[in-house]
Amino acid sequence: MKQIFLFSALALTFAACGNSNKTEEKATATETKTSEMAATETVAPANGPKDPVCEMDKKADWDQYTVYGGDTTWFCSPHCKETFDKDPAKFAKK
C-alpha cells in the first residue's frame, strides 16, 4: 500500500512538472509571436509614410527628420534629409 501511495505521489509530481514546462513553452511561444508582431509593425504599410526623396517605407528606427510647412518629414538617411532640405518644394506632397 505504501508503495502505491509513493508511486502515485511521484507520478503526480512528475505530471505537475511536465505541465509547468508546457505552460512555460506556451508563454515563450506567445512572447516570440508578440515580438515578431512588434518587428512587423516597425515597417509602415505600403500606403503609409515614405521618405520623400528615395520613397523608402518609413521604419520606426529612423532618426533623421525636418519640419517643413508645419509637417514633420522623416528620412532614412542624412543624405536624403540634406537632399530634401536643399529644395523642399521639389518633394512637395502630391
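Predicted model only: the values in this text are computed from it and were never measured.

Q: How do you make sense of helix H2 (residues 78–86) when you look at a structure like this?
A: Each full turn of the α-helix corresponds to 3.6 residues, which orients residues three or four apart in the same direction. Those residues of H2 that fall on the buried side of the exposure criterion are Cys80, Lys81 and Phe84. Down the axis, H2 shows its buried residues gathered within 100° of arc, on one side only. Turned more than 90 degrees away from the buried face of H2 sit His79 and Lys86, all of them exposed. Of the surrounding elements, those touching the buried residues of H2 are strand S1 (64–68) and strand S2 (71–75).

Q: Could you clarify how one ought to interpret the environment of lysine 81 in this entry?
A: Mapping lysine 81 onto the fold places it in helix H2. Once the C-alpha coordinates of lysine 81 and glutamine 64 are considered, the two residues, 17 residues apart in sequence, prove to be 6.7 Å apart. Other than its neighbours up to four places away in sequence, lysine 81 contacts Gln64, Tyr65, Thr66 and Phe75.

Q: Whenever I open this one, the pairing of S2 confuses me. Can you help?
A: If a strand is regular, its side chains alternate between the two faces of the sheet. Here S1 runs beside S2; their pairing, made up of 5 bridges, is antiparallel. Looking across to S2, one finds that tyrosine 65 is bridged to tryptophan 74. The loop that links S1 with its antiparallel partner S2 comprises 2 residues; one of these, glycine 69, has a positive phi angle of about 60°.

Q: I tried to follow a nonpolar patch on the surface on my own but got confused; where do I start?
A: A cluster of nonpolar side chains, Tyr65, Val67 and Trp74, forms an exposed patch at the surface whose accessible area comes to about 300 Å². Residue position: tyrosine 65 is located in strand S1. A residue is classified by how much of its surface remains accessible, and tyrosine 65, at 43% relative accessible area, is partly exposed.

Q: It is not clear to me how the pattern of salt bridges should be interpreted in this structure. Could you clarify?
A: Any two side chains of opposite charge can pair, given that their charged atoms come close. Evaluated as defined, the whole model comprises 2 salt bridges. Between aspartate 57 and lysine 50 there is a salt bridge, and its shortest N-O distance comes to 2.9 Å. Judged by relative accessible area, aspartate 57 falls into the partly exposed class, the value being 23%. For lysine 50, a relative accessible area of 37% gives the class partly exposed.

Cut-offs and rules
- Residues numbered from 1 in each chain as written.
- Predicted model: local features only at pLDDT ≥ 70, side-chain atom pairs only at ≥ 80, totals over all residues.
- Heavy atoms only, no water.
- Buried < 20%, exposed > 50% of the residue type's maximum accessible area, 1.4 Å probe, protein only.
- Helix = DSSP H or I, 4+ residues; strand = E, 2+ residues; numbered from the N terminus.
- Arc of directions from axis to C-beta.
- Contact = heavy atoms within 4.5 Å.
- Pairing = 2+ DSSP bridges.
- Patch = residues over 30% accessible without salt bridge, like charges linked within 9 Å, V, L, I, M, F, W, Y side chains within 5 Å.
- Areas by Shrake-Rupley, 256 points an atom, 1.4 Å probe, with all protein chains shown as cover.
- Salt bridge = Lys/Arg side-chain N within 4 Å of Asp/Glu carboxyl O.

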